[in-house]
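Chain residues, written in single-letter form:
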Amino acid sequence: MVSGIEWEVRIVLFNEIIGQERVKQQLINTVRENRVSHAQLFLGPEGSGSLALAVAYAQYINCENRQANDSCGECASCRKYNKLIHPDLHFSYPFFAKHKEDTAATYAEEWRRAFLANPYLGLDHWRNQLDAENKQANINIAEAHHIIKKLSLKAFEAEYKVLIMWLPEYLDAQGNALLKLIEEPPAKTLFLLVAENQDRILNTIISRTQLVKINRFDSDSVKKYLMENHQLGEHQAMEIAFISNGNLQQAVNLLDEDTGGYFDLLIRWLRYCVTDAGPALIKACEEELSKLGRENQKSFLLYAINMMRQAVLLKEGMSRLVHLPSAEMDFAQKFSKHYQLAQIEQAVRLFEEAYYHIERNANPKILFLDLSLQLVLIFKYQTFRRMADSTYIDNYGM
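Residues numbered from 1 in each chain as written. Predicted model: local features only at pLDDT ≥ 70, side-chain atom pairs only at ≥ 80, totals over all residues. Heavy atoms only, no water.

1. Quick look at the state of the cysteines
Keep this limit in mind: By disulfide we mean two sulfur atoms from cysteines, separated by a distance within 2.5 Å. Only protein chains enter the area calculation, which uses a 1.4 Å probe; residues under 20% of their type maximum are buried, those over 50% are exposed, and those in between are partly exposed.
This structure, assessed with the given rule, holds 0 disulfides. Summary of cysteine pairing: C63 is not part of a disulfide, and the nearest cysteine sulfur, belonging to C72, is at 3.6 Å. Among the residues examined, C63 registers a relative accessible area of 7% and is labelled buried. Take C273: it sits in no disulfide, and the sulfur closest to it among the cysteines is that of C285, at 7.3 Å.

2. What about the pattern of salt bridges?
Heads up, the rule is: By salt bridge we mean one thing: a side-chain nitrogen of Lys or Arg within 4 Å of a carboxyl oxygen of Asp or Glu. Segments assigned H or I by DSSP are reported as helices when at least four residues long, segments assigned E as strands when at least two residues long, and all are numbered from the N terminus.
Inspection of every chain in the model, using the stated rule, returns 13 salt bridges. When the shortest N-O distance is used, the salt bridge between E352 and R309 registers 2.7 Å. Placement of the pair is E352 in helix α16 (residues 341-359) and R309 in helix α14 (residues 294-315), with a sequence separation of 43 residues. A relative accessible area of 36% means that E352 is categorised as partly exposed. Accessibility expressed as a relative area gives 33% for R309, which makes it partly exposed. With its nearest N and O atoms 3.4 Å apart, the salt bridge here joins E359 to R360. Using a relative accessible area of 47% as the deciding quantity, one classes R360 as partly exposed. One continuous salt-bridge network, built from bridges that share partners, spans K298, E359 and R360.

3. Observations regarding the sheet that holds strand β4 (residues 189-195)
Which entries qualify depends on this criterion: Two strands pair if DSSP finds at least two bridges between them. Between the N-to-C directions of two axes lies an angle of 0 to 180 degrees, each axis being a line fitted to C-alpha atoms and, for a helix, fitted only over the stretch in contact. Two residues form a contact once any of their heavy atoms are found within 4.5 Å.
If you trace the 5 strands from one edge of the open sheet to the other, you get β2-β3-β4-β1-β5, paired in parallel fashion. The two strands at the open ends of the sheet, each matched to only one other strand, are β2 (89-92) and β5 (210-213). The average undirected angle you get between the axes of adjacent strands in this sheet is 20 degrees. In terms of strand pairing, strand β1 (residues 39-43) meets β4 through 5 bridges, oriented parallel. Its bridge partner being in β4, F42 is matched across the sheet by V194. Across the sheet, helix α1 (residues 21-32) touches β1 and β5, and the angle it forms with β5 is around 150 degrees.

4. Observations regarding helix α9 (residues 219-229)
This is how the line gets drawn: Identification of polar contacts relies on pairs of N or O atoms within 3.5 Å, with a donor-acceptor requirement for protein atoms, meaning one able to donate a hydrogen and the other able to accept it, and with residues adjacent in sequence counted only if both atoms are side-chain atoms.
Those residues of α9 lying buried are S221, V222, K223, Y225 and L226. As for α9, its buried residues are in contact with α10 (234-244) and α11 (248-253). The backbone nitrogen of D220 has a side-chain oxygen 3.1 Å away, supplied by the residue at the start of α9, namely D218. Phi turns positive one or two residues past the end of α9, at Q231, with a value near 55 degrees.

Here it is as structure tokens:
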């Protein structure tokens, strides 16, 4: 029972999900034109709102007083959807089973609490709500059998029974138990699979679903969300939106971090790499980069990756896609002119590898020093030496 639990009830209506206007209209049209496919795959990266869209879509389908472009939010069905307690709304998701008979229902209260507080949640955020210990997240065979059992029952009160499965990538071979049900479901049964990585989903499941492609949020949408929901100033919201690269969960994770100094730190660090300033480079690794803390190190590397990607866009003549504050834009423009595309792409690859190893608790002093030396090879000693011209050094310390 959910009574007595004080959750922050956040209504999931289409108009309360930021951005994604094209997808919203596409989903609404399927209902208005009576083209609701019984099995759909919502495919979008973490923090793109794909899960929130699936819930809003299910609510819209079963709304008793459906409006032209959204649920009414007031009927009996909507009120139950608002709290995720509708008897014909079922969720499945990865969890950390302590016993072989555990199913998603074992963690239903934690799930409702997590989603209502954060409809844009990612797996790490969900993991933090549970006592995961060292277990691997998965959707086990007991859960697959539980899904079959509860969907075989008649709907209690809604037109459609809805199963929303978050991250079907974690089904593994157990997903085969659901194939017949997905292909030939009971009448008025709707499967909404919400995934992040198509390559990890069983092909037999993909072939039985209709794809709904969801893109990352644009930076303006993330900035607006942070300003309206977390009362950030425009500059700080813009900085976090840039680092998060359209991942709203990542943006929320960054709220407690001081990201204001990343630009200056990145400039100084790259200057040491380009000029092969050995003592200064070692000092920066030992006294600054290694002492940021793991989450700040990850955020700094994301910032560096995104900055390099903006330089790539400028290098390829796609400046219309680059939206940066004035100082960062000036840097990215000059950086893209001085370096070859292959060098910038190599730097991105190194930053991504460093991020991967930081996540796995690599020694930060060793990691950042090794990364720095590889950047020295790329930017100073790889064929193209013109980077050290005096104008660039004077302007940005490069």
